[in-house]
Amino acid sequence: MFRKSLVFGLALGVSMASGAAAFAQESLSIVFVGKNTGNPYFDSLVQGFEDACDVLGCEFEFVAPATAEATSQIPFITAQIQRRVDVIAISPNSPDALNQVLDRARQRGILVLSVNGDITGSEEFRDAAILPTDFEKVGSDQVEMLGSLINYEGEIAILSATTEAPDQNKWIVGMNEALENNPKYAKMTLVATVYGDDQPEKSTTEAEALLSTYPNLRGIISPTTVGIAASAQVVQSANKADQVKVTGLGTPNQMRPFIKDGTVEAFQLWSPYNEGWLASYFAVGLKAGTIVNEVGATFEVPNLGTITINELNSINTQAGLTTFNADNIDDFNF
Amino acid sequence: MSGAEDATTRTPPAADAATPRPRWQVILVRPETVTFLFLIVATIGASWLSPFFADVRYILESFTFYFEFAIVALILTMVIISGEIDLSAASMMALSASLFGVAYQAGLGIPGAMAVSLLSGVLMGAFNGFLVINMKLPSIIVTIGTLTLFRGLAQVIAGDKSIGKFPAWFIGIDYRFVFDVPIPVIVFLIVSLILGIFLGTSAIGRQIYQIGTSPIAARHAGIRVNRIKYGLFIAMGLVSSIAGLLAASRLASVRYDLATGGELQMVLIVMLGGTYIFGGRGTILGTFLAAWLLVVIATGMTVANIPINAQLTVLGLLLIVSIIATNAIHVRTQR
């Protein structure tokens, strides 16, 4: 009898304690709306969110539409508003088609974070952007990467995504500036910038056209995962891996075969994991009042160091690009 | 019908004639009944899946995402009943909306740009009609062709940039309310009602069914088959451009890839509503119910955070089940 009541009392005490804890720190619900499903890039990003939420005690869920079409995320955002989540993190499929629905989310007190890409030109419709790396440096880093592969000499070309892809365009500007201003790259000539629209077929056609139009081409930079894979495939099929060096931004899983067979020597990418990690710390800190969302403000994030809120409330992980090559590619799985 | 029943009670039926179906069967065993039952089951299921679903305001708001396809599906129902199909509607939406954006940017003002858009819809519909009726080409092939053509033209005209910066009064039709009901929902109700009465009771409405059942017999019966079909294709173009404008208002921007893949959703709605793909049978009521069915299923599963692949699987299965049901019921009633 005594034992029974003791157990009961203990159970009651425990349940009250846990109830009190849950009440004291009402757990923040964060949802991440991806571009589309079946995109391994986001698995790593989601992992970053999940690990951070394990530490911070937030609830996390990942949802995504079937296609990356401009309006496909709208029903998902509305559903999350209806679920009364606290934070919507989103990798936007459109720079402006989401404005109205994001506005509604924010009116209801939901924190809106654009993750892994910004809604350039519509910044007032999100609270902050979490970017993977310092985008200002991506262009010059890529030129340096290709330069090191071709001894800083010869004709090079860029194969990008769409003509209006905001991130890629920013990097291309960076590449052009580096090529023009840095004497180290004086012997490298940019002969063409073409666009594969992030479609495998069109990217392949454009890469083939580059090889046939510019017989002296020494290298292709493709700052997009679809483009770099298509370029590598074309160079591999044409048996020109020795003459034309392909590099750019790609994911390890996608580029693994080309690294293994020597078609591609090295390529780069940031760690999407860090973005999820940073976004969670930022959201939780902001909601708890320990972080102020003002340009110039700084805050600490474990493993990433001191993070600064830049112009237009854009934040990056401060981590540089990771270079993947035959030595390290097997350490990554995304 | 009652006359037929009287006849069978008085004189013994011939050995090979089927007995007429009881009245309750005629009223209840219809494809729309299946759609209606699905709608009830889906609503119960969705409420059970997520506590956030059963909220009228939310369901009506979610309807506005499918509204553009739903309103086109109403006209598409009549096109399919007449024995034709139009798969180019989503591309017509994109091209007319792109023209609207370009015309507005060129300084035409919203009313002028809207006129350009609506006119382009009529012309695109007439172009489909010309190819199908005058050139005597199958509408499925013609509209697959114009699907690509109109989308391509939209990209040529609008480029791959978004066009936006419309005035505030034009933006957000989905967030204007009359008695707490979003305007698109009201528009859909009214248009469904008008088209339902038109198709069900008017002479032209009945002729559309006859054309779909047998175009040759219809022609012999003096029905102006070509004129009616032309009218239907033009109506498709017009309603597509209206849908394009509504999408432009909802999204506050237009792009050449607006409504990409929408033609399949439109056909899905019409098929879920029990319209017979080979023509001659179907109702506006069925399409009306099916639009809500699609909204309830998609919304219910999205708000329950059910992965999209599971959602697509459910929709696909539902489509197959409803096509089987539609076929079975039509075969049964044709005996």
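**Structural notes on the overall build of chain B**
Looking only at helices and strands, chain B features 14 helices and two strands. For a compact globule of 335 residues, the expected C-alpha radius of gyration is about 20 Å, and chain B comes in at 21 Å, within 12% of that figure. Each principal axis of the C-alpha distribution contributes one length, and for chain B these read about 75 × 55 × 35 Å. Relative to its full complement of 335 residues, chain B shows a buried share of 51%.

**Some points on the nonpolar core**
Grouped together as the largest cluster of nonpolar side chains are 113 residues, with contacts concentrated most on I88 of chain A together with F63, F188 and W292 of chain B. Considering every element that reaches this core, the biggest residue donor is helix α4 (residues 56-81) of chain B, with 19 residues. Dropping the residues within four chain positions of it, F63 of chain B is found in contact with A70, V185, F188, A291, W292 and V295 of chain B.

**Focus on the side chain of E32 of chain B**
Residues and elements named next belong to chain B. Relative to the helices and strands, E32 resides in helix α3 (residues 31-49). Taking the relative accessible area as the measure of exposure, E32 reaches 9% and is therefore buried. The residues contacting E32, other than those within four sequence positions of it, are G273, T283, L285, G286 and L289.

**Here's the deal with the environment of A291 of chain B**
All names here are of chain B. Along the chain, A291 falls in helix α13 (residues 284-303). Sequence-wise, A291 and T35 are 256 residues apart; in three dimensions their C-alpha atoms are separated by 9.9 Å. Excluding residues within four positions of it along the chain, A291 makes contact with F63, A70, F188 and I269.

**Regarding the packing of aromatic side chains**
Throughout the structure, instances matching the rule amount to 22 aromatic pairs over all chains. Ring plane angle 55° and centroid distance 6.4 Å describe the contact between F63 of chain B and F67 of chain B, whose orientation is recorded as tilted. Here F63 of chain B pairs with F67 of chain B, and both are found in helix α4, just four residues apart, close to one helical turn. Relative accessible area serves as the criterion here: at 1%, F67 of chain B is assigned to the buried category. Ring pairs connect the aromatic residues F32, F42, F49, F60 and F62 of chain A, which therefore count as one cluster.

**Examining the domain arrangement of chain A**
Residue and element names in this part refer to chain A. Assigned domains within chain A: domain 1 (27-132 + 272-317) and domain 2 (135-269). Centre-to-centre separation of domain 1 and domain 2, based on C-alpha positions: 30 Å. Contacts between the two partners involve six residues from domain 1 and, on the opposite side, five residues from domain 2. Each partner contributes to the roughly 490 Å² buried at the junction of domain 1 and domain 2, and carbon and sulfur atoms together form 74% of this total. For the domain 1 face of the interface with domain 2, the top three residues by lost area are Y41, T120 and L131, together amounting to 46%. Remark: the boundary between domain 1 and domain 2 carries zero salt bridges. Linking domain 1 to domain 2 there are zero residue pairs in polar contact (both at pLDDT 80 or more). For the side of domain 1 that touches domain 2, the residue count by class is three nonpolar, three polar and no charged.

Calculation notes
- Residues numbered from 1 in each chain as written.
- Chains lettered and ligands numbered in written order.
- Predicted model: local features only at pLDDT ≥ 70, side-chain atom pairs only at ≥ 80, totals over all residues.
- Heavy atoms only, no water.
- Helix = DSSP H or I, 4+ residues; strand = E, 2+ residues; numbered from the N terminus.
- Rg over C-alpha atoms; globule rule 2.2 N^0.38 Å.
- Buried < 20%, exposed > 50% of the residue type's maximum accessible area, 1.4 Å probe, protein only.
- Core = buried A, V, L, I, M, F, W, Y, C linked by side-chain atoms within 4.5 Å.
- Contact = heavy atoms within 4.5 Å.
- Phe/Tyr/Trp six-rings, centres within 6.5 Å; stacked < 30°, edge-to-face > 60°.
- Domains from an automatic or database assignment.
- Buried area = accessible area lost by both parts, 1.4 Å probe.
- Salt bridge = Lys/Arg side-chain N within 4 Å of Asp/Glu carboxyl O.
- Polar contact = N/O pair within 3.5 Å; in protein donor to acceptor, adjacent residues only side chain to side chain.
- Nonpolar A, V, L, I, M, F, W, Y, C, P; charged D, E, K, R; others polar.

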